[in-house]
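Architecture and fold: a report
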Amino acid sequence: MITVEGLKEYGANVEEGLARCMNNEAFYLKLVDKVLKDKGFEELRAAVEANDPDAAFEEAHKLKGVLANLALTPLCEPVNEMVELLRNRSEADYTQYLEKIEEKKRLLENML
Amino acid sequence: MSDFAYSKGLKRRILIVEDEEINREILGNMLQDDYAVSYAENGAQALEMLHEKKVRYSLILLDLLMPVMSGEELLGKIKADEMLSGIPVIVMTSEKPAEVSSIKHGADDFITKPYDSPEVIKARCERIIQLYEDKSIIRSAEKDELTGLFTREFFHEYVRQADDYDEISSDDAIVLNVEHFHMINEMFGRDMGDEILKKIANALMQIFGSGMYIGCRPDADYFYLYVDHRDSYDGLFTGLSDELEKYSHIPKIRIRAGVYQNVDKQISIDERFDHAKLACDRIRGDYTREVNFYSREMNDADLFHERLIHDIDDAIANRNLTVFYQPKYGIQSEKPELRSAEALIRWKHPELGMISPGEFIPLFESNGLIQKLDHYVWREAASQIRKWRDKFGVTVPVSVNVSRVDIYDPELENGLIEIIEESGINVSDLMLEITESAYADDAKGLTDVADKLRARGFKIEMDDFGTGYSSLNMITTIPIDVLKIDMSFIRNMNRDEKNRKLVELVMEIADFLKVPAVAEGVEDESQLEALKKMGCQLIQGYYFSKPVPPEDFEKFIKQEA
């Protein structure tokens, strides 16, 4: 079960995330739980693998918004970096970012 | 501005347009205590919801990057739509350049992602909503200076808000009117009139309670109220009239009310009050009723009247309006003699069938269209007189109606003369009937017109005599050539002694004025004999014939030959 304590340890800016949720812990944790099931992660990978930077940007951008609102900082970082690269359609090894994102996501999932 | 809404525990509604469910939930959670919140996943869905008339949104929170229809595209559509452009839009984005561009495209503010603290977001929403609501009514004063009731604009705005925040409650629209208010102003002075309006406003506030009612005074002596539904209005306003009388010492100040109960919220506010006003105006002059309720039938009757008004020109052009003639017989000779006729209009509508003159004549009298009808009848009758003269070599004078509105038309005399000349008949062949009540309304003005017409050779008949409450003094001075006693007296003269006496009295008045009396509505021999004995010269009614088309009238002319 994901807890506020666990999230703090993970490195999330819990205070900020909770404030956005009107300091309702259960509500905040429910949303964190939900984002881990977000199809956006899979779709981002699919877009990268299909070599479709437009779709990849869109997916990454969406994830960025949600993750930032929940203040899941460790997950936000690689996503943000990816968004900036994709925005300029830069040539880069995006799978490397995907792996980093998935790794940080797994850490959270392990808390479930 | 929101006092009313809050007093009823009502909330403004915000539409959140955002494709990410988690973001929608975060925002919704922030706003749900202060607002009713609706959600859309993309621009297309949002647009559909915005066009749903039942719900009014006070604010749109709009994400810019969305599938199906982007936020920017939706923003363009909202600002170009007259119905929607009054709703403020706050865009939500994490992209700096998009903030500027969306403001340029009509967004009112922006919220950055990740979201600021709830306090900041709520404050921005509140500020923008306030700004828009103030803007929509800032140009007008909120309260009517005299009565303290809301002005029309504010009233409308409040009713609209009541709709938005509370879709399921039952409400009644009420229109109140002070009957003959202008008379109070004229007879007792404007100050007294104002005091009475103030008293009414205060009394209404007491009756309906300050929190639950909204009222306005849209023009002089009309009050509009929008209140929680109540089943009974029995005696609700009775005390009001009494109180006004006690205060002002003006007897019989009558307040009448029209109530449209359980208003249909799908129709506009104006329509709701049109319904209530229709019910209110229906009991004008009816002192037996103080409250009248709007009904579907009432509206149907109103629509029917509108149809008649719309169709009158076609009816004239297509000759669906025709003139019938009812003969008048002289009865003082051995055998009754055809003397003249009265022209009566009939309307055979191509779709609605025969329409009773009792239906359309009062209607056209009330809106002035009767003038059109009168002119048509004058022309038809004049040309008919000429046709009969050419065919049979005799002149049958015809009486036509001259309505109040004709009398005050400065062109009346010239118009009539023109018709006479066109048809080549004599001025005295077209007899002019003016109802007695018109004399009673304005004896001086009417006398002047009648004098002029008589000077040109026209014969004036006073119609419906006995129903218009003329004073005896007036009767002796007005210029007339014939007195027509109202048919209601004739109908009852052999059953009711009073009516019989009245008929006798009219005969004596006619005798005194040295003009012939005509009895209308004579149906049987006994009436005829009685009238003959009293000295009545002319008789009109079913006893001789109902009104008939001109071709059927010819047999009466032939019989005389």
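Residues numbered from 1 in each chain as written. Chains lettered and ligands numbered in written order. Predicted model: local features only at pLDDT ≥ 70, side-chain atom pairs only at ≥ 80, totals over all residues. Heavy atoms only, no water.

Side note on the overall build of chain A
Looking only at helices and strands, chain A features seven helices and zero strands. Along chain A, helices (α) and strands (β) appear in the sequence α-α-α-α-α-α-α when read from the amino end. Burial status across chain A gives 47% buried among its 112 residues. Taking contacts inside chain A between residues at least 6 apart in sequence as the whole, the part at least 24 apart equals 61%. Element-wise, carbon and sulfur atoms account for 47% of the exposed surface of chain A, whose accessible area totals about 5700 Å². (Helix = DSSP H or I, 4+ residues; strand = E, 2+ residues; numbered from the N terminus. Buried < 20%, exposed > 50% of the residue type's maximum accessible area, 1.4 Å probe, protein only. Contact = heavy atoms within 4.5 Å. Areas by Shrake-Rupley, 256 points an atom, 1.4 Å probe, with all protein chains shown as cover.)

Observations regarding the pairing of strand E5 (residues 109-112) of chain B
All names here are of chain B. Only one face of E5 is covered, namely the one carrying Asp109 and Ile111; the face carrying Phe110 and Thr112 has none of its residues buried. Relative to E5, strand E4 (residues 89-93) is paired through four bridges, and the arrangement is parallel. Residue Val91 lies in a different strand from E5, and its bridge partner there is Phe110. The parallel pair E4 and E5, bridged by helix H5 (residues 96-104), forms a crossover whose chirality is right-handed. (Pairing = 2+ DSSP bridges. Right-handed = clockwise from strand over helix to strand, strands pointing away.)

As for the packing of aromatic side chains
To describe a pair of aromatic rings, one takes the distance between the centres and the angle between the planes. Residue and element names in this part refer to chain B. In the structure shown here, the tally under the stated rule is 16 aromatic pairs over all chains. Where Tyr325 meets Phe553, the ring centres are 6.2 Å apart and the plane angle is 65°; that geometry is what we call edge-to-face. With a gap of 228 residues between them, Tyr325 in strand E11 (residues 321-330) and Phe553 in helix H23 (residues 550-560) connect regions that are remote in the sequence. Side by side, Tyr325 and Phe553 carry an identical accessibility label, which is buried. Stacked on the ring of Tyr247, the Lys or Arg Lys199 has its end atom at 4.5 Å from the ring centre. The lysine or arginine in question, Arg230, covers the ring of Tyr233, its NZ or CZ lying 5.9 Å from the ring centre. (Phe/Tyr/Trp six-rings, centres within 6.5 Å; stacked < 30°, edge-to-face > 60°. Lys NZ or Arg CZ within 6 Å of the ring centre and 35° of its normal.)

Thoughts on the pattern of salt bridges
Residue and element names in this part refer to chain B. All chains considered together, the criterion is met by 43 salt bridges over all chains. In this structure, Arg152 engages Asp270 in a salt bridge whose closest nitrogen and oxygen atoms are separated by 3.7 Å. On the criterion of sequence distance, the pair formed by Arg152 in helix H7 (residues 152-165) and Asp270 in helix H11 (residues 269-282) is long-range, its members being 118 residues apart. On the basis of relative accessible area, Arg152 is assigned to the partly exposed category, the value being 37%. Judged by relative accessible area, Asp270 falls into the partly exposed class, the value being 39%. (Salt bridge = Lys/Arg side-chain N within 4 Å of Asp/Glu carboxyl O.)

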